[in-house]
Amino acid sequence: MPRLTFGRDIVASKPCAALGLRRAPACPRVAPGRAEQQPRKHLEPVHVAQAPLSSSTTTNGTHSAPAPVASTSSRDASEAAAASALSANLLLICPDQKGVIAAVSQLLYGFGCNIVASDQFTDSSSGMFFQRITFDFSEIVIGPGNTAVLERAIAELANRFNMKWKIAYKNKVKRMAVLVSKQDHCLYDLLIRLRSGELRCEIPFIISNHPDLKHIADTFNVPFVHLPLDKNNKEAQEEALEKLIKEEKIDVVILARYMQIFTQGFCERHWEHTINIHHSFLPAFEGARPYHRAHERGVKIIGATAHFATAELDAGPIIDQAVARITHRDNVEDMIRKGRDLERMVLARAVRWHLDDRVMVYNNKTVVFED
């Protein structure tokens, strides 16, 4: 069967019977675009008598006594932020079949979760079904701190539908490493978007094989790590990079014009969470100096491509692309300037979608549920 992938967050399934969960009856999946959630009066919560709350579990109960005065605006804001944090994105891929949407919706409702957004797509050529669900679990019946029980129930459901899945909790902010060489335009753009709140992540460090851009990291108070690279120390340099990724618990690696090629082993371990920006509309003009070759060819459009960095050079699953018009009046410098604008925009979109769990990979292609 074709490879399905979400990265390293797939959870092994365990039967619901061991948890005391009662399997909800399967219902036919409704057609796309129609209301999918069943009326609440026909559904019953799942019973989890054998899953007591641990001492570290937090609940969403009310206070035993009311506060003597009205809450301040700052307290209201903090409570609202805490409530919004108790939500998650659930991504699903499985063969298209009846009952998938109904079964997943009923399971989440049975646990006391509330679906706040849902998007799905069926690829008729491959017969595969893709879905992204955002749900609130602040009133989950087992307590917000005991979501492992919910994950086991999802895994048991996944076995029934031959499903690959990933769940990402919004209260866990992703940690993103940015790799650069000497060109600064994409690095500046990402850091500005992070500071303005457009990107929801943490950048614990910036890594470069040159010292040239350290002043940018200093300006934004981000640690700068210089890992020099030459033909004699490539393996040692990658080992140092791997160590940093592991120690800092990095979730996403961004190649913001990092002009180096990783070894096959590194790509195989990290491609599912490594995004590269290529200064060309791939698959045309892959490799180095694409603007020069495009100018020689007399093209009328140029582009930029954000893609996952697989072992095959510039051939990973494409996340986003954009193009700009070129005329006979544009020289190479004009094309590079226009191309940089495209690179900033395309990389920013790809990073934002990936951080928000909107990108799903299947057979070297992506399904992107745009925001």
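Refer to the preceding data block for the structure.
Figured I'd write up the structure that's included with this text. (Residues numbered from 1 in each chain as written. Predicted model: local features only at pLDDT ≥ 70, side-chain atom pairs only at ≥ 80, totals over all residues. Heavy atoms only, no water.)

1. Comments concerning the sheet that holds strand β4 (residues 128-136)
Taken in spatial order, the 4 strands line up as β3-β4-β2-β5 in an open sheet, and their pairing is antiparallel. The open sheet has two free edges, formed respectively by β3 (114-123) and β5 (164-169), since each of these has just one partner strand. For this sheet the average axis-to-axis angle between neighbouring strands, irrespective of direction, equals 10°. Judged from the 6 bridges that link them, strand β2 (residues 87-95) and β5 form a sheet pairing that is antiparallel. Along β5, the bridge assignment pairs I93 with K164. Along the sheet, helix α3 (residues 147-161) makes contact with β2, β4 and β5, crossing β5 at roughly 160°. (Pairing = 2+ DSSP bridges. Helix = DSSP H or I, 4+ residues; strand = E, 2+ residues; numbered from the N terminus. Axes fitted to C-alpha atoms, helices over the stretch in contact; angles between N-to-C directions. Contact = heavy atoms within 4.5 Å.)

2. Considerations on the environment of G316
Inspection of the secondary structure assignment puts G316 in the loop between β11 (301-308) and β12 (318-325). A sequence separation of 40 residues divides G316 from N276, and the C-alpha atoms of the two residues are 9.2 Å apart. Once residues lying within four places of it in the same chain are set aside, the contact partners of G316 are H307, F308, T310 and N364.

3. A few points about the sheet that holds strand β7 (residues 206-208)
With respect to topology, 7 strands assemble into an open sheet ordered β8-β7-β6-β9-β10-β11-β12, the strand pairing being mixed. The sheet is open, and its two edges are formed by β8 (224-226) and β12, each paired on a single side. On average, each strand axis in the sheet is tilted by 20° relative to the strand beside it, whichever way the strands run. By the bridge criterion, 3 bridges tie strand β9 (residues 252-255) to strand β10 (residues 274-278) in an arrangement that is parallel. Residue L255 lies in a different strand from β10, and its bridge partner there is N276. In the packing of helix α4 (residues 185-195) onto the sheet, the strands contacted are β6 (176-180), β7, β9 and β10, and the crossing angle to β6 comes to about 155°. Together, β6, β9, β10, β11 and β12 form the strand contacts of helix α9 (residues 332-355), whose direction differs from that of β12 by roughly 155°.

4. As for the packing of helix α2 (residues 100-110) against α3
At their nearest, the axes of α2 and α3 sit 11 Å apart, and the two run at 165° to each other. Considered as vectors, α2 and α3 are oriented roughly antiparallel to each other. Our pair here, α2 against α3, has a crossing hand that is right-handed. Along the contact surface, α2 presents V100, A103, V104, L107 and L108, while α3 presents L150, A153, I154, L157 and F161. Class assignment of the residues belonging to the contact of α2 with α3 gives a composition of 10 nonpolar, no polar and no charged. (Parallel < 35°, antiparallel > 145°, perpendicular 65-115°, else oblique. Left-handed = near helix turned anticlockwise from the far one by under 90°. Nonpolar A, V, L, I, M, F, W, Y, C, P; charged D, E, K, R; others polar.)

5. Quick word on the pairing of β11
For β11, a buried count of 7 out of 8 residues is recorded, marking the element as mostly surrounded by other parts of the structure. Relative to β12, β11 runs antiparallel, the two sharing 7 bridges. From the neighbouring strand, H307 faces β12, where its bridge partner is I318. (Buried < 20%, exposed > 50% of the residue type's maximum accessible area, 1.4 Å probe, protein only.)

6. Examining the pairing of strand β13 (residues 359-362)
Judged by which residues are buried, β13 turns out to be covered on both faces: V359 and V361 on one side and M360 and Y362 on the other are all buried. By the bridge criterion, 4 bridges tie β13 to strand β14 (residues 365-368) in an arrangement that is antiparallel. The residue of β14 that forms the bridge with M360 is V367. In this antiparallel pair of consecutive strands, β13 and β14, the connection spans 2 residues, and N363 shows a positive phi of 55°.

7. A word on the environment of V346
By the secondary structure assignment, V346 is in helix α9. Residue V346 is classed as buried on the basis of its relative accessible area of 0%. Distance in space between the C-alpha atoms of V346 and T305 is 6.7 Å, their sequence separation being 41 residues. Once residues lying within four places of it in the same chain are set aside, the contact partners of V346 are I277, A304, T305, A306, D320, Q321 and A322.

8. Description of the nonpolar core
The biggest cluster of nonpolar side chains holds 43 residues, and the ones touching the most others in it are I206, I254 and L347. Top contributing element to this core by residue count: α9, with 8 residues. Leave out the neighbours within four places in its chain, and I206 touches V178, V180, L187, L191, A217, V222, P223, F224 and V225. Counting residues in hydrophobic clusters, the runner-up holds 31 residues, among them C94, V104, F111 and W165. (Core = buried A, V, L, I, M, F, W, Y, C linked by side-chain atoms within 4.5 Å.)

9. Re the pattern of salt bridges
Evaluation of the coordinates by the stated rule reveals 19 salt bridges. For the salt bridge of R132 with D356, the shortest nitrogen-to-oxygen distance reads 3.6 Å. On the criterion of sequence distance, the pair formed by R132 in strand β4 and D356 in the loop between α9 and β13 is long-range, its members being 224 residues apart. Judged by its relative accessible area of 7%, R132 falls in the buried class. (Salt bridge = Lys/Arg side-chain N within 4 Å of Asp/Glu carboxyl O.)

10. Section: the side chain of T305
Structurally, T305 is set in strand β11. We classify T305 as buried; its relative accessible area is 0%. A polar contact is formed between the side chain of T305 and the side chain of Q321, at a distance of 2.9 Å. (Polar contact = N/O pair within 3.5 Å; in protein donor to acceptor, adjacent residues only side chain to side chain.)

11. Quick notes on the packing of aromatic side chains
To describe a pair of aromatic rings, you give the distance between the ring centres and the angle between the ring planes. Taken as a whole and assessed by the stated rule, the structure comprises 7 aromatic pairs. Geometrically, the ring pair formed by F137 and Y169 is edge-to-face, given 5.6 Å between the ring centres and 80° between the ring planes. Separated by 32 residues along the polypeptide, F137 in the loop between β4 and α3 and Y169 in strand β5 bring together distant segments of the chain. Judged by its relative accessible area of 2%, F137 is buried. Centroid distance F262 to F266: 4.3 Å. Interplanar angle 25°. Geometry classified as stacked. Neither residue differs from the other here; F262 and F266 are each classed as buried. These aromatic residues form a ring-pair network of at least three members: F121, F130 and Y362. (Phe/Tyr/Trp six-rings, centres within 6.5 Å; stacked < 30°, edge-to-face > 60°.)

The values reported here are purely geometric and, on their own, carry no functional implication.
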